[in-house]
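# Topology and contacts: notes
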Amino acid sequence: MASIKCYAHIDTFDSKKPNSVLHFSDRCLILAFNTVSNTVCSNSFGKLKQARVSRLDTELSDVLQSNNVGRPVDVSEENVVVQNPRLHKKFKKAKRSIWKRLDGMRNVANDLNGNSKQQEVRVETDDLLLGNDDEFYEKLSANGSESSLGDSNSVLEKLESGGRDDEVLKFFEWMRVNGKLKRNVSGYKLALRVLGRRQDWEGAERLIREMETESSCELSFQIFNTLIYACHKRGLVGPGTKWFRMMLDAGIQPNVATFGMVMSLYQKGGNLDEAEFAFSQMRRFRIVCHSAYSAMITLYTRLGLYEKSEKIVEFLKNDKVILNQENWLVLVNSYSQQGKLDEAENVLASMHAAGFSPHIVAYNTLITGYGKISNMKDAERVFQNLVSAGLKPDESTYRTMIEGWGRVHNFKEAEWYYNKMNKLDFKPNSSNLYTMINLQAKHGDEAGAMRIIEDMITIGCQFSAILSIVLQAYEKAEWFDKVPYVIKGLLYDHVLNNQTSCSILVMAYVKHGLVDDAIEVLGLKKWKDKVFEDSLYHLLICTCKELGHLSNSIKIYASMPKRDKANLHITCTMIDVYSCLNQFKEAETLYINLKSNSVALDLIAFSIVVRMYVKSGSLNDACSVLDVMEKQKDIVPDIYLFRDMLRIYQRLGMVSKLADLYYKILKAGFSWDQEMYNCVINCCARALPIDELSRLFNDMIQHGYSPNTTTFNVILDVYAKSGLFKKVRQVFWMAKKQGMVDVISYNTVVAAYGKGKDLRNMASVARRMKFNGFSVSLEAYNCMLDAYGKAGEMEKFKNVLLRMKESNCGSDHYTFNIMINIYGEKGWIEEVGDVLTELKESGLKPDLCSYNSLIKAYGIAGMVEDAVNLVKEMRKNGIEPDRITYTNLIAAFQKNDMVLEALKWSLWMKQMGM
């Protein structure tokens, strides 16, 4: 036992001296020696033995002999109390006998009788440290110069072994102050052990520097091993590497233990680079550490670096390492992992030849290897060899056999080993249970699956995990309709009581079309959470919708518990579902129900309702919903709703709304994408100034977005109608370069050139249109007819008509109206009559434009009366004359000197407000 030396003077007893006191109380015996004297009187101590304490010397002698102690002690009033059980048997047992508090006094009796010299007293440190620390350090400091280095180290060791780390560091600091650390390697090791436990690596590094610079201690592998052990114990790869590297940098050669610890650390941490470095250092120092070779082979095998693993095996041979059992087992595992089962069996045979007894791990490893390559014939052979070798298959053996038979889908054998395992009271692992569930699901063994589920519950598997395994197994086996027959008993009770598991099950049912089973579970559930329940129903409805099972969405919605207030999200989803089924009446009913219950719609709800009305063709109702939305100032449309609004306003021709919406979108600060640019240009082309539209188009190009064909055609049309023919050519060639040109593009350009009376380019574009594989459309022919006719190019006009007939291109109202107008302008009334006859023969009837052109032609030809009759005919056919009709009629009167009639019709037009 560690102790420290203290000194006191022991006087002889003298009954005449009042300062020498021997006092007996009814509770205890107290000895006090206070008088300092150099005189020795053996007779005085002899009197002590006669004062009714005849057993004192014998008891003291017995204690000394039993403790084999030969050191003198300090006996003073304040620290020596002797319990006398004979005097007071009920004295507290926590009090310690003076004899037990004295570390040793083998020859004290003789010394007291025959020696008066100042005696050395050693006090038991355990008692002092458990008591008053200040008193302990005061006494220790008072005798610091005399206390030995060994005693200090003993105290330090006792504190460290007792786990009293704070006191270790405090006492270590006292040793530093009192000069007890000079060349004291043992003291530093104890302190480093404490710092390692505390992971105070900076403090440890300071101590190591102090050992060299201040305490003249020689560093050794034991110092660093102390710290490396702390890292190894806690799996701290980084700090362990640091101390190992520092050890090498200090020129200290590690020993076998060092390499064993760091290699084990790297193996567990999977740190290959550091493991390779440490292994190279071990071989450089010609140190043989068996576990280091095993660790390297294991690391390489785990990472699939089998060639490097073979090199370590070569090193084993080259380094002439006598393999231990761990090495043999690692080699068997390595070859098994590589699929080299023949080599693995050879290693096992060599292991037995080397004198090692059969080991269950080796056989289990081989069985695992054969199981992984689905070679269960050899796996079964190894199993029989295991039994023949006198070994009993353990839990791992049966687990491995089950996995192997499961891998080859042999349900019968896997079930046999599973049942055998249960008879031997072995426990299957989760992998075994998963394997058995999968096999039973595949072979339709619902009863067996229920037993496996019971086993899962028995071994403590979580219900949620069991449920997931069962669902995955039956989904994989494509027998999911069997799941309701398997989930029974405790597992089903758990589902009904746990909302998470309940949601997992019903989601799986819905996913596989078992909607009725899902509704049944929801009807029987015992958990109560309305918010979660509504969210679950919403999720189920959305899942059916995404799967295209819209009727199932309706079925689930119908099964929902009734609420006082409709759920906005569920209702909106159902509006969308009914819209997809074109059941717009039901969808509108849900929307009206939301409004009647004063449910405030959010952005998504408005978007769904607007699209419902758009799809049903009720654009005005969609506009009404948008007006309601605009009144809710807290709702800002997203980019998708903005696009819907643009399309609605465009289809309704609401030009002012389009312009306002465009600037609102700009103000919203959205980041525009390609679709947004295309939508805005297509919808707002007639609502925006040409400069703004041109800027928007250029901005789209600069951002790297590609306009679609419709966008190009819209821009071509706007530029053409604005007379910007240069820009028309630029945009047309840009569209052609990007492959975005279609028939409409050519028609637009032809019309543009025709309107600009650029007949040469118009004809050129028409030829290129045909050359590029596009059939010249009726619209293109009409444009050319109009252009040639107005330019007076009647030969080319007739050529166009001839080409139309040759290409079997029929005529429309616009074609006939152009011909009537051109022939009428020329005064060719017969040709006009022929065109009118052809118009009627084609099954078409004159429209407003036809009548206006005919009235104009008759007026030019002087056929005023026929012109008036045409107005009557128009009314008879249900066509209301417009301003152009009457203007052409008045022009006919004026041209034929019928001024009064012209004035009469002019006054009538004013009265009508035309």
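Presented here is an overview of the structure given in this document. Here the structure is a predicted model, which means the values were calculated and not measured.

On to the overall build of the protein chain, then. When its secondary structure is counted, the protein chain shows 51 helices and 5 strands. For the protein chain, the residues scored as buried account for 45% of the 914 residues in total. Surface accessibility of the protein chain: about 47,200 Å² in total, with carbon and sulfur atoms responsible for 50%.

Take the pattern of salt bridges next. The full count for this structure, using the stated rule, is 33 salt bridges. A salt bridge links lysine 525 to glutamate 533, with the nearest nitrogen and oxygen atoms 3.3 Å apart. Take lysine 525: its relative accessible area is 10%, and that puts it in the buried class. Glutamate 533 sits in the buried class, given a relative accessible area of 9%. The salt bridge involving aspartate 717 is made with arginine 686; its shortest N-O contact spans 2.5 Å. In this pair, aspartate 717 sits in helix α40 (residues 709-721) while arginine 686 sits in the loop between α38 (674-684) and α39 (690-702), placing the two residues 31 residues apart along the sequence. Each of Arg611, Arg643, Asp644, Arg647, Asp673 and Glu675 takes part in salt bridges that share partners, so that together they form one network.

What follows is about the nonpolar core. By size, the foremost hydrophobic cluster in this structure holds 257 residues, and its most contacted members are Trp243 and Phe797. When residues in this core are grouped by element, the largest group, 8 residues, is from helix α44 (residues 778-791). Not counting residues up to four positions away in its chain, the partners in contact with tryptophan 243 are Trp201, Ala204, Glu205, Ile208, Phe224, Leu227, Ile228 and Cys231.

To describe two helices that pack against each other, one gives the angle between their axes and the distance between the axes. Closest axis-to-axis distance for the helix α34 (residues 603-616)/helix α35 (residues 619-631) pair is 7 Å, and the angle between their directions is 165°. As summarised for this structure, α34 and α35 are arranged roughly antiparallel, according to the angle between their axes. Pair α34 / α35 crosses with left-handed handedness. Across the interface between the two elements, Phe606, Val609, Val610, Tyr613 and Val614 of α34 pack against Leu619, Asp621, Ala622, Val625, Leu626, Val628 and Met629 of α35. Of the residues assigned to the contact of α34 with α35, the class counts are 11 nonpolar, no polar and 1 charged.

Here we take up helix α17 (residues 325-338). The terminal C-alpha atoms of α17, which comprises 14 residues, lie 20 Å apart, in line with the 20 Å expected from a rise of 1.5 Å per residue. With respect to burial, α17 is a largely interior element, 10 of its 14 residues being buried. Looking at the buried positions of α17, the neighbouring elements they touch are α15 (290-302), α16 (306-318), α18 (341-353) and α19 (360-372). Sitting at the head of α17, asparagine 324 places a side-chain oxygen 3.2 Å from the backbone nitrogen of glutamate 326. Where α17 terminates, the next one or two residues include glycine 339, which has phi positive at roughly 85°.

On to the environment of glutamate 210. In this fold, glutamate 210 is placed in helix α10 (residues 201-213). Classification of glutamate 210 as buried rests on a relative accessible area of 12%. Separated by 22 residues in the primary sequence, glutamate 210 and tyrosine 188 have C-alpha atoms spaced 9.6 Å apart. In contact with glutamate 210, not counting residues within four places along its chain, are Arg176, Leu181, Tyr188 and Ser215. A polar contact is formed between the side chain of glutamate 210 and the side chain of tyrosine 188, at a distance of 2.6 Å.

Take the packing of aromatic side chains next. To describe a pair of aromatic rings, you give the distance between the ring centres and the angle between the ring planes. Counted under the stated rule, the structure contains 24 aromatic pairs. Taking 5.4 Å as the distance between ring centres and 80° as the angle between the ring planes, the aromatic pair formed by tryptophan 527 and phenylalanine 532 counts as edge-to-face. Given a relative accessible area of 5%, tryptophan 527 falls into the buried group. An aromatic cluster of at least three residues, connected via ring pairs, comprises Phe383, Tyr398, Trp416, Tyr417 and Phe426. For arginine 284, the ring lying beneath its charged end belongs to phenylalanine 285, and the centroid distance is 4.3 Å. Across the ring face of tryptophan 527, the terminal group of lysine 525 is positioned such that the distance to the ring centre comes to 4.4 Å.

Here the focus is a negative patch on the surface. Judged by side-chain charge, Glu830, Glu831, Asp834, Glu838 and Glu841 come together as a negatively charged surface patch. Counting through the fold element by element, aspartate 834 comes out in helix α47 (residues 829-841). On the basis of relative accessibility, which here comes to 52%, the residue aspartate 834 falls in the exposed class.

The next point concerns the environment of valine 749. Position of valine 749 among the secondary structure elements: in helix α42 (residues 743-755). For the pair valine 749 and alanine 720, spaced 29 residues apart in sequence, the C-alpha separation works out to 7.4 Å. With residues up to four places along the chain from it excluded, the contact list for valine 749 reads Leu716, Val728, Phe732 and Val765.

Turning our eyes to something else, we now look at the packing of helix α14 (residues 272-284) against α15. Interhelical geometry of α14 versus α15 gives an angle of 150° and a closest axis separation of 11 Å. Here α15 runs roughly antiparallel to α14, going by the angle between their axes. Here α14 and α15 pass one another in a crossing that is left-handed. For the pair α14 and α15, the contacting residues are Leu272, Ala275, Glu276, Phe279 and Met282 in the first and Ala292, Tyr293, Met296, Leu299 and Tyr300 in the second.

Scoring rules and cut-offs
- Residues numbered from 1 in each chain as written.
- Predicted model: local features only at pLDDT ≥ 70, side-chain atom pairs only at ≥ 80, totals over all residues.
- Heavy atoms only, no water.
- Helix = DSSP H or I, 4+ residues; strand = E, 2+ residues; numbered from the N terminus.
- Buried < 20%, exposed > 50% of the residue type's maximum accessible area, 1.4 Å probe, protein only.
- Areas by Shrake-Rupley, 256 points an atom, 1.4 Å probe, with all protein chains shown as cover.
- Salt bridge = Lys/Arg side-chain N within 4 Å of Asp/Glu carboxyl O.
- Core = buried A, V, L, I, M, F, W, Y, C linked by side-chain atoms within 4.5 Å.
- Contact = heavy atoms within 4.5 Å.
- Axes fitted to C-alpha atoms, helices over the stretch in contact; angles between N-to-C directions.
- Parallel < 35°, antiparallel > 145°, perpendicular 65-115°, else oblique.
- Left-handed = near helix turned anticlockwise from the far one by under 90°.
- Nonpolar A, V, L, I, M, F, W, Y, C, P; charged D, E, K, R; others polar.
- Expected span 1.5 Å × (residues − 1).
- Polar contact = N/O pair within 3.5 Å; in protein donor to acceptor, adjacent residues only side chain to side chain.
- Phe/Tyr/Trp six-rings, centres within 6.5 Å; stacked < 30°, edge-to-face > 60°.
- Lys NZ or Arg CZ within 6 Å of the ring centre and 35° of its normal.
- Patch = residues over 30% accessible without salt bridge, like charges linked within 9 Å, V, L, I, M, F, W, Y side chains within 5 Å.
- Lys, Arg positive; Asp, Glu negative; His and termini not counted.
- Charge placed at Lys NZ, Arg CZ, Asp CG, Glu CD.

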